Amino acid sequence: MALAVAGFAGEAQAATESPVLDKIVVSATKTPHTLGDVPVDAEVITREELLKRNVQSAQDALDQTTGLLVGKTSSGWGSKGTVRVYGLSAKYTLVLVDGQRLLGGHQNAIDLQQISIDMIERIEILKGPASALYGSDAVGGVVNIITRKGADKPEFSGSLAMGSRGTAVGSLSGGAGSENIRTRFSYTYRESDGVDEELDSYSEHILQGTVSLKLAEKAEFTLKPYYSFQDMPDQDTKQERYGINAMLDWAPDDLSSVKLRGSFFDFSYKTDTDDTVLDNYEFELLYSRMLFESHLMTAGYEFWNERRDYYASAGTNSKIDQTLNSFYLQDEIDLSPVVLVLGARLDSHERWGEEINPKASVMFKATDDLKFRASVGRAFKAPSLLSLYDEWMMGSITVHPNPDLKPEKSLGYQLGVEYAFSPDIVAKASWFRNDLEDMIKSTVTRVSGRMHMYYENVDQAMTQGVELNLDARISDCVSAKVGYTWLDTEDKLTGKELTYEPESKFVSGLNFTFCPASLTLGLEASYTGARFTDAANTEKLDGFWVCNATLTKKFTEQTEAFIRIDNLFGEENITDEYDIDGTEFLAGLRVKI
């Protein structure tokens, strides 16, 4: 069952025995578990792992995770970093920061570039349908980025890195506090020329913070402000984001916990001809309580208001918004050695009505080392504001709304087995399948010499596959990770495979620490298999390998230098991987006080 019903997730620490299975995950059930005991398929990337890899962006942090396909496009205004889960488009991945929905991305996907690596404490990844807890967009899975807590004593850190493509990344962070109040603030500046310096160059500023106030022994109030600004002068585009996430955690007694969360997020995208502003307003109330010693009940209500304001220099302006009210209920039932999780969520919308999405998960612990997991659940993605309400121009094409659009729906299944050869060596294998229907498709037709685009619920698709993972800490100085995903996809209307979805994806990593020299060497290799580029499956791209290396030298407990080299063997000219264009390097220095 959950580690601590009445405590906070960060305080729910088990006695560390396994570096893999003892990681804490909250997102899977919205209650704290160790990764080894959570009934739902989940993964966690820790801050320590990010520092070892010397990655400088959230998209780089995710690219060695099995089952994910991370897109990187330095030329894109809203797609510098996107993530796809189990062969589904990036728009079907829900990206959160401390439970808050983000805004700003291309084709309804979220751009990971807006998140500073310096403020990340851990990244929790759920694979498979999760609408029973999270509602719209959680079709392929959920990526919840948990930011760092405030400091209870003065501390300061900074880093500066420079490398190829005119890339420079600098960050400063600091914190101070006491037993009752903790603070932390972080500033990151990043600039790069990208692949084509006459088209891709950009600069950005990211400012994040945390302020926590202890109201009582088991009550804490936290504010997390955010601001970022990105400028791409060659494309005449500017992006600005700001928001605040407020949370109250309270444990009325040893058997229950209450969480209140309210947030606001604003995204504006400006060009020389128009200005688009998107706003999110969220409120969530969650209550968990242990009943009858074997039932951990979680109930919640969520309010989500989404707004879009559009201003054009030609005078064509529009304002649209929509609201979802949601209720969810979950029961975690401990029938040791079986744990069963049953949950469902009701989402209500003024236009398309109600959606009910149930999910059932079960874990059977055959022995302390051998566990089996299975789950089945429904998920959905609501139609976007634009597709429902607003007529607009995309170049010379008139895009028409369809007020009769229905949510896109999916039914997902997972079966998995996990075996711990020892606390330091853990293997996992799983099978997954997703069946999608009522997928929204856009079609373009010519009417009276003009081009028009229309939206319809017509497409159907299937993705299924097998995922294999092996995590091993061979010694205190050597660790390794290997992962493989085999993927099968189908457009159910044509019987053809989905485009740009590789049949095979292999990732691996190896870390050596030379303790006497305080030197850490990391090696990574990944393979992306062949994939079709056209719906008729007549043109196919070859598979490719990418190998990376990173080296970190610790001079003192407060100072270390690092270098990271990506694409060691200079892969380039890959049609669907714009950023893979020869070898890159980045070298830097980190200091903390």
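Basis of the calculations
Residues numbered from 1 in each chain as written. Predicted model: local features only at pLDDT ≥ 70, side-chain atom pairs only at ≥ 80, totals over all residues. Heavy atoms only, no water. Helix = DSSP H or I, 4+ residues; strand = E, 2+ residues; numbered from the N terminus. Rg over C-alpha atoms; globule rule 2.2 N^0.38 Å. Buried < 20%, exposed > 50% of the residue type's maximum accessible area, 1.4 Å probe, protein only. Contact = heavy atoms within 4.5 Å. Pairing = 2+ DSSP bridges. Core = buried A, V, L, I, M, F, W, Y, C linked by side-chain atoms within 4.5 Å. Salt bridge = Lys/Arg side-chain N within 4 Å of Asp/Glu carboxyl O. Phe/Tyr/Trp six-rings, centres within 6.5 Å; stacked < 30°, edge-to-face > 60°. Lys NZ or Arg CZ within 6 Å of the ring centre and 35° of its normal. Patch = residues over 30% accessible without salt bridge, like charges linked within 9 Å, V, L, I, M, F, W, Y side chains within 5 Å. Areas by Shrake-Rupley, 256 points an atom, 1.4 Å probe, with all protein chains shown as cover. Lys, Arg positive; Asp, Glu negative; His and termini not counted. Charge placed at Lys NZ, Arg CZ, Asp CG, Glu CD. Polar contact = N/O pair within 3.5 Å; in protein donor to acceptor, adjacent residues only side chain to side chain.

Novice: Explain the overall build of the protein residue by residue, including any values.
Specialist: The number of helices and strands found in the protein is 4 helices and 35 strands. Taking 593 residues into account, the globule formula puts the C-alpha radius of gyration at 25 Å, and the protein, at 23 Å, falls close to it. Expressed along its principal axes, the backbone C-alpha trace of the protein runs to roughly 70 × 55 × 50 Å. Counting every position in the protein, which comprises 593 residues, the buried fraction comes to 54%. When contacts within the protein are restricted to residue pairs at least 6 apart in sequence, long-range pairs at least 24 apart make up 57% of them.

Novice: Give a detailed account of the sheet that holds strand β8 (residues 120-127), specifying residues and quantitative values.
Specialist: The strand order β3-β8-β9-β6-β7 describes an open sheet built from 5 strands, whose pairing is mixed. Two strands close off the open sheet at either side, each with one partner strand: β3 (42-46) and β7 (100-101). In terms of strand pairing, strand β6 (residues 93-97) meets β7 through 2 bridges, oriented antiparallel. When the bridges of β7 are listed, Val97 appears paired with Gln100.

Novice: Describe the pairing of strand β29 (residues 504-514), listing the residues and the values that go with them.
Specialist: Bridging between strand β28 (residues 478-491) and β29 involves 9 bridges; their strand directions are antiparallel. In the strand pairing of β29, Gly483 is matched with Val507. Bridge analysis of β29 against strand β30 (residues 519-528) gives 10 bridges, and the strand direction is antiparallel. Along β30, the bridge assignment pairs Asn511 with Gly522. Where β29 hands over to β30, the hairpin turn is made up of 4 residues, of which Ser518 adopts a positive phi near 50°.

Novice: Mind laying out the nonpolar core, listing which residues take part and the relevant values?
Specialist: The biggest cluster of nonpolar side chains holds 31 residues, and the ones touching the most others in it are Leu62, Val83, Ile115 and Ile123. Broken down by secondary-structure element, the contributors of at least two residues to this core are α2 (58-62), β4 (68-72), β5 (81-85), β6, β8, β9 (141-147) and β16 (256-270). Each residue touching Ile115, except ones within four places of it in the same chain, is listed here: Ala58, Val97, Leu102, Ile120, Ile145 and Ile206. The next biggest cluster of nonpolar side chains, apart from the first, holds 17 residues, and it includes Leu35, Val44, Ala130 and Ala138.

Novice: Before we move on, could you go through the pattern of salt bridges and cite the residues and values that matter?
Specialist: Evaluation of the coordinates by the stated rule reveals 44 salt bridges. Between Arg373 and Glu418 there is a salt bridge whose closest N-O contact spans 3.0 Å. Highlighted residues: Arg373 in strand β22 (residues 370-381) and Glu418 in strand β25 (residues 408-422), separated in sequence by 45 residues. You'll find Arg373 and Glu418 in the same group, each marked buried. Linked through salt bridges whose partners overlap, the residues forming this network are Arg53, Asp60, Asp63, Lys72, Glu524, Arg564 and Asp566.

Novice: Can you break down the packing of aromatic side chains residue by residue, with the values?
Specialist: With the rule as written, the count across this model stands at 11 aromatic pairs. When the centroid spacing of 3.7 Å and the interplanar angle of 5° are considered together, the rings of Tyr86 and Phe432 count as stacked. In this pair, Tyr86 is assigned in the loop between β5 and β6 and Phe432 in strand β26 (residues 425-447), connecting sequence segments 346 residues apart. An angle of 25° between the planes, with centres 5.7 Å apart, marks the rings of Tyr226 and Phe265 as stacked. Of this pair, Tyr226 sits in strand β14 (residues 219-232) while Phe265 sits in strand β16, placing them 39 residues apart in sequence. Like Phe265, Tyr226 is buried. An aromatic cluster of three or more residues is present, and its members are Tyr242, Phe264 and Tyr281. Sitting over the ring of Tyr134, Lys30 keeps its end group 4.6 Å from the ring centre.

Novice: Could you give an account of the environment of Tyr413, with specific residues and numbers?
Specialist: Locating Tyr413 in the fold gives a position in strand β25. Relative accessible area serves as the criterion here: at 29%, Tyr413 is assigned to the partly exposed category. Along the primary structure Tyr413 and Ala360 are separated by 53 residues, whereas in three dimensions their C-alpha atoms are 9.8 Å apart.

Novice: Could you give me a rundown of the side chain of Arg184, with the residues and numbers involved?
Specialist: Its place among the elements puts Arg184 in strand β12 (residues 181-192). In this view, Arg184 contacts Met119, Arg148, Lys149, Gly150, Ala151, Glu155, Gly174, Gly175, Gln208, Gly209 and Thr210; residues no more than four positions away in its chain are not counted.

Novice: Describe unusual backbone geometry, with residues and values.
Specialist: The omega angle of the peptide bond from Ser336 to Pro337 is 15°, so this bond is cis rather than trans. Among the secondary structure elements, Pro337 is positioned in the loop between β19 (318-335) and β20 (338-349). Backbone geometry places Asp236, a non-glycine residue, at a positive phi of 55°. Within the secondary structure layout, Asp236 lies in the loop between β14 and β15 (237-253). Even without being glycine, Asp438 reaches a positive phi, approximately 55°. Within the secondary structure layout, Asp438 lies in strand β26.

Novice: Please provide a residue-by-residue account of a negative patch on the surface, values included.
Specialist: A grouping of Asp196, Glu197, Glu198, Asp234, Asp236 and Asp272 is seen on the molecular surface, where their side chains present a negatively charged patch. Following the sequence through the fold, Glu198 ends up in the loop between β12 and β13 (202-216). Glu198 gets classed as exposed once you look at its relative accessible area, which sits at 67%.

Novice: Report on the pairing of β12, specifying residues and quantitative values.
Specialist: By the bridge criterion, 10 bridges tie strand β11 (residues 167-177) to β12 in an arrangement that is antiparallel. By the bridge assignment for β12, Gly175 is matched with Arg184. The hairpin formed by β11 and β12 contains 3 residues between the paired strands. The pairing of β12 with β13 spans 12 bridges and is classified as antiparallel. Its bridge partner being in β13, Thr183 is matched across the sheet by Val211.

Novice: Residues and numbers for a nonpolar patch on the surface, please.
Specialist: On the surface, a nonpolar cluster with roughly 740 Å² of combined accessible area is contributed by Phe156, Leu172, Tyr187, Leu207, Phe555, Leu589, Val591 and Ile593. For Leu589, the position within the fold is in strand β35 (residues 584-592).

Novice: Pulling in residues and values, what's your account of the environment of Tyr310?
Specialist: Mapped onto the secondary structure, Tyr310 falls in strand β18 (residues 295-312). Taking the C-alpha atoms as reference, Tyr310 lies 14 Å from Val399; in sequence the two are 89 residues apart. A distance of 3.1 Å separates the side chain of Tyr310 from the side chain of Asp274, its partner in a polar contact.

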